[in-house]
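Chain and residue survey
Next come the chains, spelled out residue by residue.
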Amino acid sequence: MPTGEYRIGVDVGGTNTDAVLLDLSGEVVAKAKVPTTLDVEGGISAALESVLVASGLDADRVSHLMLGTTHATNAVLERRQLGRVAVVRIGAPATRAVRPLFGWPEPLRAALSAGEVIVGGGMELDGRELAPFDVEALRRFLASCASRLDAVAVTSVFAPVCADHELRAEELVRAELGDCPVSLSHRVGSMGLLERENATVLNAALQGVAERVVDGLQRALHTLGLDPVPYFAQNDGTLMSLDYARRFPILTIGSGPANSIRGAALLAGVADAIVVDVGGTSTDIGVVARGFPRESSQGVEIGGVRTNFRMPDLITLALGGGSLVVSEDGRLRVGPESVGFALPEKGLVFGGQTFTLTDAGVARGRMHLGSERLPAWCAGPAGEALARVDAEVTAAIDRMKLRRGDRPVVAVGGGSELLPDEIPGATEVLRPPHFDVANAVGAATGAVSGQVDRVYRFPSGGREQALEAAKEEAGRQAVLAGADPGGLSVVELEEIPLAYLPGGAVRLRVKVIGPLPDGASTSVPSGSCREGERSR
Amino acid sequence: MSRLIAAGDVEDLARGCALLGAGGGGDTSVGRLMMLQAIGDFGPVTLVGVDELDPDALVMPCGMVGAPTVATEKFESGDEGARLRQEVERLRGEPVACLMPAEIGGSNGLLPFVWAARLSLPVLDADGMGRAFPEIPQVAMHLAGISPSPAVMTDERGNVAVFRACSGAWLERLERATAVEFGGSAASTEYCMTAGEARRAAIHGSVTRALGIGKLRLGGEGNLVDELVIRAGGFILLFGKVADVERRTSGGFVRGSVVVEGTGSDAGRLLRLELQNENLVAFEGGELRACVPDLISVVDVETGDAISTERLRYGQRVAVLGLPCDPLWRTEGGLGLVGPRAFGYDLDYQPIEELVDADR
């Protein structure tokens, strides 16, 4: 067993795989950036090996490894490696007016559906049965598609209130099909049947992808002689165990920006700020509130499918270090095209032929890299291009603020030197050390979390009881995800009243975090997430 | 001059209904999919004007009663409309000639099309509110003296309840309680009438209006202002950001207030909206800017989609719009039923055109 002194954070992005090695106090000891590879292990192995070599440490001194990855996102977007899902909805005779997967992009539906059914059953808002659970109909459906399915997704009406029928369906699948992965909607999404069903189906389709990533990671660790406790990064900036990630791969979607936001806050030593992450092709602007990424309040579309599971709230601009600066009919255009990872060959400052934002940054003295002298004609367009960047970023920052008043802005990402030192609406622009690997730092420093998002009814003054039940369940989820039961704390608590329902029903969203179990300290920006609950 | 409502119209109609919901009326996202599936399976729906109907033809206003949140989780089987029609025909002894949205605002503007496609019946280009209101009797038919009874409710299981209430207020009580027993929401019809009666008792052109508004896309601030003024006779009250949301439930209704902070050319201005399921009153610096029964709608500046009161959140970038209500609601009887005092605000109604003019 490792001695528990160091941990490694790895973030697999679309272009680069970043890795950092941190000591117990959270200081960056070594970092690495390597190209992302198509197979799972290649890029991860190379990144791990680089940081190990750079640090000069023995492999057995690394006690924890945290992985953030875009594998699940890409699998959905590219419709690759998706499993075949038997889609089960329990809710007839209600809900037949919209079939499962209705409105999905046809290629995605064709790539992952093993068949769809609506069987009798489901619940009412108050936990009564909507209709008896039609076990026979489900049995017949499973038999009809058993030969072609890889996983089963089960969504029952009002499962966020009472999941009995989903649990019974899971038992039946186990009895009929043995060890087949089953995704139950009440564990994946919240109120809103269709969005929750969509998220559950995607989660089921991603089970195989999760297996492959977990296996690939384990092989990479083995080859390098590493034996850390591994974690996956979730899209709320927290961590989950490998086993949890196998069951809920959808929670990795959006983990990249979440890690970056959290890492930026940590590196800059702030808990509340606006984070601007400038990459090669795009810029993400997000918000860190009390140490965690603010979540989007809107449903999110993934691969053209509407879902309602949590995602970081982001504005993405098509601006990055590799963005093309082009003159068209006397007008200057910046992006959206980018040379991306080819910047070190194509940019003017590197001896290439393409005028990029990085060249503009160098021309105006914001960036200092490359070796070539820029031609004199660059100066004018460079100033204009940067003015464009400044205006777009300033407007986006203003739109992300929740309240009046200036906020600190943390600039991270490989292209963040493009940003000016002063931004209207920002108290200051912080450029923390290791800004180029903030995402990997964020992954390495996460706490483990659990969350519930359910509807509770409280007939007579039982609001406190509902709150307690919700907190307890969120804590249970945190422990399941790998948290130390001893150090749990509630970091988010939101009550959403429901209209037209006399008697008191409320949707509760509660998030609980806990430290990693064996005492490895989780660095949290000062005054951030330990200060108890938030209620709005 | 009837026209067909096909799959290509669904998006526009849904967007328009959401905006005419003035923050209420229920989320249209499920209704949009129900309508697309119904039209895909059963074909397009004919939209008719009242002049195309025989004066004796029976018009069946219909929709959903209950909690919008429930309807996003436990939505229709699709057969509810057929049961309502069957029961109405049995009670009245004559065939239903067409359906009509009881309420154009929100998901209730779409549901009659879901059922009409299945029944091969036309939909009348009219509704009872010209927007969304919380209570069943807050309809034009009530003002015109049409009886709400016999009213019929049904759920997805096939339960059917018939009401002969002694007043609109009693019908509201009875249907609300029944909806709770049915699981929080149910399909219903009230104020069935002849086309001849509908001519004076309904608000006409509502579906066409929703389609026209739904066609608008945000193409920059100036563009939207012009389009709205031209198409809907509406006004932009403010461009801004939701800066504060305070919401609570009482008596089963969502109440609260929202502060929108001006951005861009509106920077420095603050607009406060009072809401009870719908957005009812808008104040700026203590001055009234708009009030019910005129419509106050909040739209997302990026998508142009209306945001319901339940979905308003801190930080959303929005435009607050004001649209004049149907002239019917500006009469003494109309204001008694749906004016500011009917919702507990101690203020006199002032038409939005005058409030906006005074501001200039």
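Since we're looking at a predicted model, the values are computed, not measured. (Residues numbered from 1 in each chain as written. Chains lettered and ligands numbered in written order. Predicted model: local features only at pLDDT ≥ 70, side-chain atom pairs only at ≥ 80, totals over all residues. Heavy atoms only, no water.)

1. Describing the domain arrangement of chain A
Residues and elements named next belong to chain A. Heads up, the condition is: Where each domain starts and ends comes from a domain assignment, either automatic or drawn from a database. Note on contacts: a residue pair is in contact if any heavy atoms of the two residues lie within 4.5 Å. Accessible-area loss on putting two parts together, using a 1.4 Å probe and summing over both, is the definition of buried area adopted here.
What the domain assignment reports for chain A is domain 1 (1–82 + 207–268), domain 2 (83–205), domain 3 (317–431) and domain 4 (448–514). Computed over C-alpha atoms only, the centres of domain 1 and domain 3 are separated by 29 Å. Listed as interface residues are four residues of domain 1 and, on the opposing side, four residues of domain 3. Counting the surface lost from both domain 1 and domain 3, the interface buries some 330 Å², and carbon and sulfur atoms represent 86% of this. Sorting the residues of domain 1 by area buried against domain 3 places Thr-15, Ala-264 and Ala-268 first, and these three jointly supply 77% of that buried surface.

2. Things to note about the pattern of salt bridges
Close approach of charged atoms allows side chains of opposite charge to pair. Filter applied, for reference: Note on definitions: salt bridges are taken to be side-chain nitrogens of Lys or Arg within 4 Å of carboxyl oxygens of Asp or Glu. Every helix listed is a DSSP run of H or I at least four residues long, and every strand listed is a run of E at least two residues long, numbered separately from the N terminus. Only protein chains enter the accessibility calculation, which uses a 1.4 Å probe; a residue whose area is less than 20% of its type maximum is buried, one above 50% is exposed, and one in between is partly exposed.
Applying the stated criterion to the full structure yields 52 salt bridges over all chains. The shortest N-O distance in the salt bridge between Glu-41 of chain A and Arg-219 of chain A comes to 2.7 Å. Placement of the pair is Glu-41 of chain A in helix α1 (residues 40–55) and Arg-219 of chain A in helix α7 (residues 207–223), with a sequence separation of 178 residues. Residue Arg-219 of chain A is classed as partly exposed on the basis of its relative accessible area, which comes to 44%. For Glu-124 of chain A, the salt bridge identified is with Arg-157 of chain B, shortest N-O distance 2.6 Å. In this pair, Glu-124 of chain A sits in the loop between β6 (113–120) and α4 (135–145) while Arg-157 of chain B sits in the loop between β7 (151–154) and β8 (160–163), so the two residues belong to two different chains. Judged by its relative accessible area of 1%, Glu-124 of chain A is buried. A cluster of three or more residues bridged by salt bridges with shared partners is formed by Glu-124 of chain A together with Lys-74, Asp-155, Glu-156 and Arg-157 of chain B.

3. Examining helix α5 (residues 111–119) of chain B
Residue and element names in this part refer to chain B. Most of α5 sits inside the fold, with eight of its nine residues counted as buried. Among the residues of α5, those classed as buried are Leu-111, Pro-112, Phe-113, Val-114, Trp-115, Ala-116, Ala-117 and Leu-119. One or two residues past the end of α5 sits Ser-120, with phi positive at roughly 55°.

4. Structural notes on the packing of aromatic side chains
Residues and elements named next belong to chain A. To keep it simple, the criterion reads: Stacked, tilted and edge-to-face are the three classes assigned to paired rings of Phe, Tyr and Trp, where Trp is represented by its six-membered ring and a pair needs centres within 6.5 Å; plane angles under 30 degrees give stacked, over 60 edge-to-face, the rest tilted. Only Lys NZ and Arg CZ are tested; either one counts as a charge over a ring when it is within 6 Å of the ring centre and within 35 degrees of the ring normal.
Summed over all chains, the structure comprises four aromatic pairs over all chains. Between Tyr-244 and Phe-248 the ring centres are 4.9 Å apart and the planes differ by 50°, which places this aromatic pair in the tilted class. When its relative accessible area of 6% is taken as the criterion, Phe-248 is described as buried. Plain terms: the ring middles of Phe-355 and Trp-377 are 5.3 Å apart, the flat faces sit at 80° to each other, and that makes the pair edge-to-face. Here Phe-355, found in the loop between α10 (343–346) and α11 (357–363), pairs with Trp-377, found in the loop between α11 and α12 (379–400); they are 22 residues apart in sequence, far enough to count as distant. The class for Trp-377 is exposed, based on a relative accessible area of 53%. Its guanidinium or amino end placed over the ring of Phe-292, Arg-262 lies 5.1 Å from that ring's centre, counting from NZ or CZ. We note Lys-511 situated over the ring of Phe-292; from NZ or CZ to the ring centre the distance is 5.5 Å.

5. A short note on the sheet that holds strand β8 (residues 182–184) of chain A
Residues and elements named next belong to chain A. Quick reminder of the rule: At least two DSSP bridges between two strands are required for those strands to pair. Fitted lines through C-alpha atoms serve as axes, helices being fitted only where they are in contact, and the angles separating the N-to-C directions of these axes extend from 0 to 180 degrees.
Taken together, four strands build an open sheet; the order of strands is β6-β5-β7-β8 and the sheet is parallel. Of all strands in the sheet, those bounded by a partner on one side alone are β6 and β8. Across the sheet, the mean angle from the axis of one strand to that of its neighbour is 15°, orientation sign disregarded. Note: strand β5 (residues 85–92) against strand β7 (residues 151–156), six bridges, orientation parallel. Across the sheet, Arg-89 pairs through a bridge with Thr-155, a residue of β7. Sitting on the sheet, α4 is in contact with β5, β6 and β7, with an inclination near 170° to β6.

6. Focus on the interface of chain B and chain A
What counts is decided by this rule: In the analysis that follows, any N or O atom pair within 3.5 Å is treated as a polar contact, provided that within protein one partner can donate a hydrogen and the other can accept it, and provided that, for residues neighboring in sequence, both atoms belong to side chains.
Contact residues are listed per partner, giving 51 residues for chain B and 45 residues for chain A. Roughly 4,100 Å² is buried in total at the junction of chain B and chain A, and carbon and sulfur atoms are behind 53% of that figure. If you sort the residues of chain B by the area they bury against chain A, Gln-37, Glu-73 and Arg-313 of chain B come out on top, with a joint share of 18%. Between Asp-79 of chain B and Arg-96 of chain A there is a salt bridge, and its shortest N-O distance comes to 3.0 Å. One can count 18 residue pairs in polar contact (both at pLDDT 80 or more) joining chain B with chain A. Those elements that place two or more of their residues in the side of chain B that touches chain A are α2 (29–42), α3 (68–71), α7 (168–181), β12 (235–250) and β13 (253–262) of chain B.

7. Side note on the packing of helix α1 (residues 7–20) of chain B against helix α9 (residues 206–214) of chain B
Residues and elements named next belong to chain B. Here is the rule we go by: In this scheme, roughly parallel covers angles under 35 degrees and roughly antiparallel covers those over 145, while 65 to 115 is roughly perpendicular and the rest are oblique.
Viewed as axis vectors pointing N to C, α1 and α9 meet at an angle of 100°, and their least axial separation amounts to 7 Å. Between α1 and α9, the angle falls in the class roughly perpendicular. On α9, the residues that touch Asp-9, Asp-12, Leu-13, Arg-15, Gly-16, Cys-17, Leu-19 and Leu-20 of α1 are Ser-206, Val-207, Arg-209, Ala-210, Leu-211, Ile-213 and Gly-214.

8. What to know about the nonpolar core
Stated formally: Buried residues of nine kinds, namely Ala, Val, Leu, Ile, Met, Phe, Trp, Tyr and Cys, make up a nonpolar core once their side-chain atoms join them within 4.5 Å.
Membership of the largest hydrophobic core comes to 115 residues, with the highest contact counts inside it found for Leu-13, Met-35, Val-59, Leu-99, Phe-113, Leu-124 and Met-193 of chain B. Beyond its immediate sequence surroundings of up to four residues, Phe-113 of chain B is in contact with Ile-5, Leu-13, Met-35, Val-45, Leu-47, Val-123 and Val-207 of chain B. With 80 residues, the next largest nonpolar core counts Tyr-6, Ala-59, Trp-104 and Ala-470 of chain A among its residues.

9. Looking at unusual backbone geometry
Residues and elements named next belong to chain A. The omega torsion across Ala-92 and Pro-93 is 10°, close enough to zero to call that bond cis. Along the chain, the position of Pro-93 falls in the loop between β5 and α3 (106–112). Phi at Thr-95 takes a positive value of approximately 70°, unusual for a residue other than glycine. Note on placement: Thr-95 falls in the loop between β5 and α3. Look at Thr-95 and you get buried, because its relative accessible area is 0%. Positive phi, close to 60°, is recorded for Phe-158, a residue that is not glycine. Inspection of the secondary structure assignment puts Phe-158 in the loop between β7 and α5 (164–177).

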